[in-house]
Structure formats: C-alpha cells, structure tokens
Amino acid sequence: MNTENEIKAKLEIEHIAELQKYKDEFETLGKNDWGLKDLISIFLPFALLSIANSLYDIETELMQIICFIFLASAVVQSMIKEQTKKTNRRIDLLLKIIKHEQKGG
C-alpha cells in the first residue's frame, strides 16, 4: 500500500512539473520582444532602396514617401507575424494545460 502511494505521489509530481513547464512557456510567449530577424526585415528594404537610389535618380520627396511606406509595412508585418506565431503556440499550450487539468483533476 505504501509503495502504491509513493508511485501515485511520484506520478502526480511529474504531472505538476510538466504542467508548470507548459504554464511557464505560456507566460513567456505572452511577452512582446523584438529579435534580430525583425530588425533585419525592417532595415533590408532601406538598404535596397539606398542601392536603387544610387543607381537611379529618385526625387527626395518620393524617396521619403517610399521610406515611410517601407517602415510602416515592415513594422506591421513583423508585429502580425510574431503575434500570430505566439498566439498559435499559446493556444497549443493552453490545450495541453486543459488536457492535463482534466486528467489530473
């Protein structure tokens, strides 16, 4: 009987540890942070635009408008991509947490 209780306790501790791991990752994915890849995707169009400007004579006003459009689209695209990825992963983790709660509870 004592061994059976030890086994149940050990399984419950493992279950809690795995659930805590999921919860920690769930909370981490909720944070908003910028990576190097995001910064490169923002500045790469500007580098290409600079190269195009050196090869072709682009008017200053047009250059400013194009730069603004590149900046705005890069920021929005990066934000949407990152949030979508995090949201999908958080949903997956939430489903795992719910399944563990139903098994253990």
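The paragraphs below set out a description of the structure included in this document.

Calculation notes
Residues numbered from 1 in each chain as written. Predicted model: local features only at pLDDT ≥ 70, side-chain atom pairs only at ≥ 80, totals over all residues. Heavy atoms only, no water. Patch = residues over 30% accessible without salt bridge, like charges linked within 9 Å, V, L, I, M, F, W, Y side chains within 5 Å. Areas by Shrake-Rupley, 256 points an atom, 1.4 Å probe, with all protein chains shown as cover. Salt bridge = Lys/Arg side-chain N within 4 Å of Asp/Glu carboxyl O. Lys, Arg positive; Asp, Glu negative; His and termini not counted. Charge placed at Lys NZ, Arg CZ, Asp CG, Glu CD. Helix = DSSP H or I, 4+ residues; strand = E, 2+ residues; numbered from the N terminus. Core = buried A, V, L, I, M, F, W, Y, C linked by side-chain atoms within 4.5 Å. Buried < 20%, exposed > 50% of the residue type's maximum accessible area, 1.4 Å probe, protein only. Contact = heavy atoms within 4.5 Å. Phe/Tyr/Trp six-rings, centres within 6.5 Å; stacked < 30°, edge-to-face > 60°.

A closer look at a positive patch on the surface
Together, Lys21, Lys96, Lys99 and Lys103 give the surface a local cluster of positive charge. Considering each element in turn, the positive patch owes the most residues, 3 residues, to helix H3 (residues 60–104). Inspection of the secondary structure puts Lys21 in helix H1 (residues 2–29).

What to know about the nonpolar core
In terms of nonpolar packing, the biggest core is built from 5 residues, these being Leu19, Tyr22, Phe26, Leu93 and Ile97. Breaking this core down by element, the ones donating at least two residues are H1 and H3. Of all the elements, H1 adds the most residues to this core, at 3 residues. Excluding residues that lie within four positions of it along the chain, Phe26 makes contacts with Arg90, Leu93, Leu94 and Ile97.

Side note on a nonpolar patch on the surface
A grouping of Leu36, Ile40, Leu44, Leu48, Ile51, Leu55 and Tyr56 is seen on the molecular surface, where their side chains present a nonpolar patch of about 800 Å² in accessible area. Note that Leu48 resides in helix H2 (residues 36–55). For Leu48, a relative accessible area of 53% translates into the label exposed.

A closer look at the packing of aromatic side chains
One pass over the full model with this rule turns up 1 aromatic pair. Here the aromatic rings of Phe46 and Phe70 are separated by 6.5 Å at their centres, their planes lie at 75°, and the arrangement is edge-to-face. Here Phe70 lies in helix H3 and Phe46 lies in helix H2, a separation of 24 residues in the sequence.

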